[in-house]
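What follows is each chain in one-letter form.
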Amino acid sequence: VQVPEGRRIFPGLTVSENLDMGAFLRTDRAGIRADRDYVFDLFPILAERRRQPGGTLSGGEQQMLAISRALMARPSLLLLDEPSLGLAPLVVRRIFEVIGKINREQGVTVFLVEQNANLALKAAHRAYVMENGEVTTSGSAAELAADDAVRKAYLGL
């Protein structure tokens, strides 16, 4: 399941209706309820705003909703495109905590495209550096974080 850059939630639908859209192809009502509770545990603000139209949420709340909607499909692979884009640092930290939790607890593989290299390398197991659409460097996140050329070019160190 993909969470696109720019979030792409359904602005006229409520938070709950957006989550329902993520579970559209599912028929297991008990599982859907359990997954809704899970995403509300991940992002309690969404539970508080469940009847609020998605378009009235802040940018960070919309990103939380986009990730939660994707989780409602029970993906084995979650593609996240620039999840930190335009968000406040506290919200970004929470989003990345949740990304790690999803990977650990749900066993979901997360494919993350992120320009904030520091954040990405802290969250990742494996990393790739792309320039002009080509992979120029790859390895474990720890290897790339320790690589002098990567540190100089992308980490500002």
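Our subject is the structure listed above.
Keep in mind that what you see is a predicted model, and the values were worked out from it rather than measured. (Residues numbered from 1 in each chain as written. Predicted model: local features only at pLDDT ≥ 70, side-chain atom pairs only at ≥ 80, totals over all residues. Heavy atoms only, no water.)

A. Structural view of the pattern of salt bridges. What the rule picks out here adds up to seven salt bridges. A salt bridge links aspartate 35 to arginine 26, with the shortest nitrogen-to-oxygen separation between them at 2.6 Å. Assessed through its relative accessible area of 11%, aspartate 35 is described here as buried. Among the ionic pairs, arginine 74 bridges to aspartate 28, the shortest N-O distance being 3.8 Å. Highlighted residues: arginine 74 in the loop between α4 (59-71) and β2 (77-81) and aspartate 28 in the loop between α1 (15-22) and α2 (29-42), separated in sequence by 46 residues. It is possible to trace a salt-bridge network through shared partners that takes in Arg26, Asp28, Asp35 and Arg74. (Salt bridge = Lys/Arg side-chain N within 4 Å of Asp/Glu carboxyl O. Buried < 20%, exposed > 50% of the residue type's maximum accessible area, 1.4 Å probe, protein only. Helix = DSSP H or I, 4+ residues; strand = E, 2+ residues; numbered from the N terminus.)

B. Spotlight on unusual backbone geometry. Unusually for a residue other than glycine, arginine 7 sits at a positive phi of about 75°. With respect to the helices, strands and loops of the structure, arginine 7 is situated in the loop between β1 (2-3) and α1. Assessed through its relative accessible area of 15%, arginine 7 is described here as buried. Unusually for a residue other than glycine, asparagine 132 sits at a positive phi of about 55°. As for its placement among the helices and strands, asparagine 132 is situated in the loop between β4 (126-131) and β5 (134-140). Taking relative accessible area as the criterion, asparagine 132 reaches 82% and is therefore assigned exposed.

C. Structural detail: helix α5 (residues 89-106). Between its terminal C-alpha atoms α5 stretches 25 Å, which fits the 26 Å expected from 18 residues at 1.5 Å a residue. For α5, the secondary structure elements touched by its buried residues are α2, α4, β2, β3 (109-113) and α6 (117-123). At the C-terminal side of α5, glycine 107 shows a positive phi close to 70°. (Expected span 1.5 Å × (residues − 1). Contact = heavy atoms within 4.5 Å.)

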